[in-house]
Amino acid sequence: MSGTLAPEVVVLGGSGRVGSGVVAALLEAGSPVLAVGRDLQKLEALADAHADEPGLEILAGSVADDRSAARLAEAIVRRPRPLRAVVDAIAGPRRSARLLDRPVAALRRSLDQDLLPHLAAARHLLPVLQAQARVGRYLLVGGPNARCGWAGYGHASVAGAATRMLAQVLHEEAQALGVRLQMLSVDAPVWTAENAPRACAGWPSALGVGRAAVALLAREGKGSDGACVVPYVPGDASPPLRMLAWDYGDALRDACGRDPAGHDAGQAA
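Residues numbered from 1 in each chain as written. Predicted model: local features only at pLDDT ≥ 70, side-chain atom pairs only at ≥ 80, totals over all residues. Heavy atoms only, no water.

**Student:** Quick rundown of the overall build of the protein? Include the residues and the values.
**Tutor:** Within the protein, the regular secondary structure consists of eight helices and seven strands. Split into buried and exposed, the 269 residues of the protein put 47% on the buried side. Of all intrachain contacts in the protein linking residues separated by at least 6 positions in sequence, the fraction that spans at least 24 positions is 69%. When the accessible surface of the protein is summed, it comes to about 13,400 Å², and 54% of that surface belongs to carbon and sulfur atoms. (Helix = DSSP H or I, 4+ residues; strand = E, 2+ residues; numbered from the N terminus. Buried < 20%, exposed > 50% of the residue type's maximum accessible area, 1.4 Å probe, protein only. Contact = heavy atoms within 4.5 Å. Areas by Shrake-Rupley, 256 points an atom, 1.4 Å probe, with all protein chains shown as cover.)

Here's what the structure looks like:
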């Protein structure tokens, strides 16, 4: 069955601030999406927000540790659709505090929440991509505190810098699996409808970040497009020029008699 179904993109943290924007942008680009998150109520609210999108499915799951990530990978392997890409948009809560004012255990908790889940997810989902995807793509969305310390958010800054280094190491190791792993570096906080009243000028929108992620997934990966860390630029926040499922047009036409743009097979686009 999976040979005739357009492959899906798994979005980890799909009901979160950035993840919901990635989900919306992927649906906009015509890609089936599996949104994964720990909070089923938030996932159901996400599904309700896209009730007219048959390409969205939700799955309650976690990548907090190896055991949880392994269970999630097993659930994804059992799905009828093959896997096209993974977008890791998970993020832990940010608490304002100086490093020197908090005990050492606070930084350990921050690393447990903000760093190690990225490794657990990659360890168990990269092999799935290797087995299922024609050209495996794995994308981490980096936060605004990875290159310079964020005043008052020292714990998040340290975890963000560590995540950036993790992406660089995984970028090299994933090549042996035939998977291109990259990080989309977003160097400012992201605004949504919920935090818009206190957002600053210049903050990107969640949908804008999602569109930039889609643009990166659609690139061929030659030259600078294959770089490990790719900075977010507003120009990549435009709607997609073509559907992400376009390269699976033959399979889609065979399956349902229509091409990815919705035209009847045999008709001019």
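Having seen the model, we can carry on.
**Student:** Break down the pattern of salt bridges for me, citing the residues and quoting the values.
**Tutor:** In total, this model carries five salt bridges according to the counting rule given. E57 is paired through a salt bridge with R79; the nearest N and O atoms lie 3.2 Å apart. Of this pair, E57 sits in strand β3 (residues 56–60) while R79 is found in the loop between α3 (66–77) and β4 (83–88), placing the two residues 22 residues apart along the sequence. Here R79 falls in the buried class, since its relative accessible area comes to 18%. (Salt bridge = Lys/Arg side-chain N within 4 Å of Asp/Glu carboxyl O.)

**Student:** An account of the sheet that holds strand β5 (residues 136–142) is needed here, citing residue identities and associated values.
**Tutor:** Spatially, β3-β2-β1-β4-β5-β6-β7 is the arrangement adopted by the seven strands of the open sheet, whose pairing is parallel. Looking along the sheet, the strands with just one partner apiece sit at the ends: β3 and β7 (229–231). Along the sheet, successive strands turn relative to each other by an average axial angle of 20°, direction set aside. Most of the contacts of helix α1 (residues 17–28) go to strand β1 (residues 8–12), to which it runs at about 170°, and overall it touches β1, β2 (33–37), β3, β4 and β5. (Pairing = 2+ DSSP bridges. Axes fitted to C-alpha atoms, helices over the stretch in contact; angles between N-to-C directions.)

**Student:** Any details on the pairing of β4? Residues and values, ideally.
**Tutor:** Of all six residues making up β4, six are buried, and the element is well covered by its neighbours. In this structure, β1 lies alongside β4, joined through five bridges in parallel fashion. Residue pairing for β4: V9 is matched across the bridge by A85. As paired elements, β4 and β5 share four bridges and run parallel to each other. Residue pairing in the sheet places V87 in a bridge with L139 of β5.

**Student:** Explain the side chain of T163 residue by residue, including any values.
**Tutor:** Its place among the elements puts T163 in helix α6 (residues 154–175). The buried category is assigned to T163, whose relative accessible area is 8%. Separated by 2.8 Å, the side chain of T163 and the backbone oxygen of A159 make a polar contact. Apart from residues no more than four positions distant in its own chain, T163 is found in contact with D114, L115, H118, L140 and M183. (Polar contact = N/O pair within 3.5 Å; in protein donor to acceptor, adjacent residues only side chain to side chain.)

**Student:** Break down the nonpolar core for me, citing the residues and quoting the values.
**Tutor:** V11, V23, L26, V87, L184 and V209 are the most contacted members of the largest nonpolar core, which totals 32 residues. For this core, the secondary structure elements donating two or more residues are β1, α1, β2, α2 (40–49), β4, β5 and α7 (206–218). No other element matches the seven residues that α7 contributes to this core. In this structure, V209 is in contact with V18, V141, L184, V186, V190, P204 and Y232, ignoring residues within four places of it in sequence. Residues L129, V179, L181 and M183 belong to the second largest nonpolar core, which totals 31 residues. (Core = buried A, V, L, I, M, F, W, Y, C linked by side-chain atoms within 4.5 Å.)

**Student:** Can you explain the packing of helix α5 (residues 116–132) against α6? Please cite residues and give values.
**Tutor:** At a closest axis distance of 11 Å, the pairing of α5 and α6 adopts a crossing angle of 15°. Relative to α6, α5 is oriented roughly parallel. Judged by the sense of rotation from one axis to the other, the crossing of α5 with α6 is right-handed. The residues of α6 that touch α5, namely those facing H118, L119, A122 and L126, are T163, L166, L170 and A174. Of the residues contributing to the contact of α5 with α6, the split by class is six nonpolar, two polar and no charged. (Parallel < 35°, antiparallel > 145°, perpendicular 65-115°, else oblique. Left-handed = near helix turned anticlockwise from the far one by under 90°. Nonpolar A, V, L, I, M, F, W, Y, C, P; charged D, E, K, R; others polar.)

**Student:** Could you give me a rundown of the environment of D112, with the residues and numbers involved?
**Tutor:** Looking at where D112 falls in the secondary structure, it is placed in helix α4 (residues 104–114). Residues D112 and D65 lie 47 residues apart in sequence; the distance between their C-alpha atoms is 9.0 Å.

**Student:** For α4, give the residues involved together with the corresponding values.
**Tutor:** Every buried residue belonging to α4 is among A106, S110 and D114, and all of these are buried. End-on view of α4: buried residues confined to an arc of 50°, all on one side of the axis. For α4, the exposed residues lying more than 90 degrees away from the buried face are V104 and R108. (Arc of directions from axis to C-beta.)

Function-wise, these values are silent; they only describe arrangement.
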